[in-house]
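Okay, here's what each chain looks like letter by letter:
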Amino acid sequence: MDILPLYSLLLSIFEKGTVMSPRILVAYASVHGSTAGVAEAIGKALQIEGYSVDIAPMKTVSSPGDYDSIVIGAPVYMGKVVGDVKKFVVKHRDALARVPVAAFCIGVAPLGKDPGDVDTIMNIFRTALAPLEPVDVTMFAGKIDMEKLPFMHKWIWKKMDGPVGDFRDWEAIGVWARELPRKLGISAEP
Ligand SMILES: Cc1cc2nc3c(=O)[nH]c(=O)nc-3n(C[C@H](O)[C@H](O)[C@H](O)COP(=O)(O)O)c2cc1C
């Protein structure tokens, strides 16, 4: 039997990425929408690289075991990573233990003015993710839109004299996203 046509067919399917393309889930939590925007940007960058990507609030994810890799993203409020992360990790403990995971958190700490320093927040984030040991964990600067904050958050932010604006660095976010497949061990390239 001549297996060359079959081999060619499989190769072309592989090259088009229709069957073999690894599936990635970008699961995020977001209170005011800026982490959702970062999750979308990461997902889109991975899609452009040819990966099959779903982007979803982690609260709505039922089967993370369907994916080859998972990216977890969440914002920091008052020195804590939002509780959805711990709930997600506990609920899907077994599925998450079987796949490579990367994670990012969002806050204003990278701007170098309070609240909190990046190293402390990263340790808090790693603790929330435990026992997962992500292949990479990072923190990006987020966004504060005073118009959209509820009264209590606005009051806290004014009292703290916190920075206001959209500080999301789309270039840095894109660079991190494009490096993910290699770090997650799912890249076709060496
Ligand atoms: C009340 C309040 C508390 C915050 N606390 C922190 C903090 O402790 N550390 C930090 O780095 N950023 C802090 N931030 C900044 C948020 O993490 C940032 O605005 C982020 O982009 C919010 O993400 P989201 O829009 O997805 O909810 C705080 C923001 C508010 C409004």
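Look a little higher up for the structure.
Residues numbered from 1 in each chain as written. Predicted model: local features only at pLDDT ≥ 70, side-chain atom pairs only at ≥ 80, totals over all residues.

Draft legend 1. Structural context of the packing of helix α2 (residues 34-48) against helix α7 (residues 170-184). One can describe the packing of α2 onto α7 by two numbers: an axis separation of 9 Å at closest approach and a directional angle of 50°. As judged from the angle between their axes, α2 and α7 are oblique. As for the relative orientation of α2 and α7, their crossing is right-handed in sense. Residue-level inspection shows Val38, Ala41, Ile42, Ala45 and Leu46 of α2 in contact with α7, the latter providing Trp170, Ile173, Gly174, Ala177, Arg178 and Leu180. Residues of the contact of α2 with α7, tallied by class, amount to 9 nonpolar, 1 polar and 1 charged. (Axes fitted to C-alpha atoms, helices over the stretch in contact; angles between N-to-C directions. Helix = DSSP H or I, 4+ residues; strand = E, 2+ residues; numbered from the N terminus. Parallel < 35°, antiparallel > 145°, perpendicular 65-115°, else oblique. Left-handed = near helix turned anticlockwise from the far one by under 90°. Contact = placed C-beta atoms within 7 Å. Nonpolar A, V, L, I, M, F, W, Y, C, P; charged D, E, K, R; others polar.)

Draft legend 2. Structural view of the site of the ligand. Residues in close proximity to the ligand total 25 residues, the closest being Val31, Thr35, Pro75, Gly107 and Gly142. Among the secondary structure elements, those contributing two or more residues to the shell around the ligand are α2, β3 (69-77), β5 (101-107), β7 (143-144) and α6 (151-160). Here the shell around the ligand is composed, by residue class, of 14 nonpolar, 10 polar and 1 charged. (Near = placed C-beta within 6 Å.)

Draft legend 3. Spotlight on the nonpolar core. By size, the foremost hydrophobic cluster in this structure holds 47 residues, and its most contacted members are Val26, Ile70, Val71, Ile72 and Val85. Ranked by residues supplied to this core, first place goes to β5 with 6 residues. Those residues in contact with Ile70 that sit more than four places away from it in its chain are Leu25, Ala27, Pro64, Leu96, Val99 and Val101. (Core = buried A, V, L, I, M, F, W, Y, C linked by C-beta atoms within 7 Å. Buried ≥ 20, exposed ≤ 12 C-beta atoms within 10 Å, placed from the backbone.)

Draft legend 4. Broad picture of the environment of Leu96. Summarising the element assignment, Leu96 is placed in helix α4 (residues 93-97). Sequence-distant contacts of Leu96, that is, excluding residues within four places in its chain, are made with Pro64, Ile70, Val89, Val101 and Leu132.

Draft legend 5. Local environment of the pairing of strand β1 (residues 23-28). Within β1, 5 of the 6 residues are buried, which leaves it mostly tucked inside the rest of the structure. Two elements, β1 and strand β2 (residues 52-57), share 6 bridges in a ladder whose sense is parallel. Counted as the bridge partner of Arg23 is Ser52 from β2. Handedness of the β1-α2-β2 crossover: right-handed. Across 5 bridges, the pairing between β1 and β3 is parallel. Across the sheet, residue Ala27 finds its bridge partner in β3, namely Ile72. (Pairing = 2+ DSSP bridges. Right-handed = clockwise from strand over helix to strand, strands pointing away.)

Draft legend 6. Up close: the environment of Gly142. Note that Gly142 resides in the loop between β6 (136-141) and β7. Between the C-alpha atom of Gly142 and that of Asp169, which follows or precedes it by 27 residues, the distance is 8.4 Å. Residues contacting Gly142, with those up to four places away along its chain left out, are Ser34, Pro75, Ile106, Gly107, Val108, Phe167 and Arg168.

Draft legend 7. Region of the structure containing helix α5 (residues 118-129). Here α5 is 12 residues long and its end C-alpha atoms lie 16 Å apart, about the 16 Å a rise of 1.5 Å per residue gives. All buried positions along α5 are accounted for by Ile121, Phe125, Ala128 and Leu129. Angularly, the buried residues of α5 cover 95° about the axis, an arc narrow enough to put them on a single face. More than 90 degrees from the buried face of α5, the exposed residues found are Asp119, Thr120, Asn123 and Thr127. Against the buried residues of α5 lie β3, β4 (80-81), α3 (84-91), β5 and β6. (Expected span 1.5 Å × (residues − 1). Arc of directions from axis to C-beta.)

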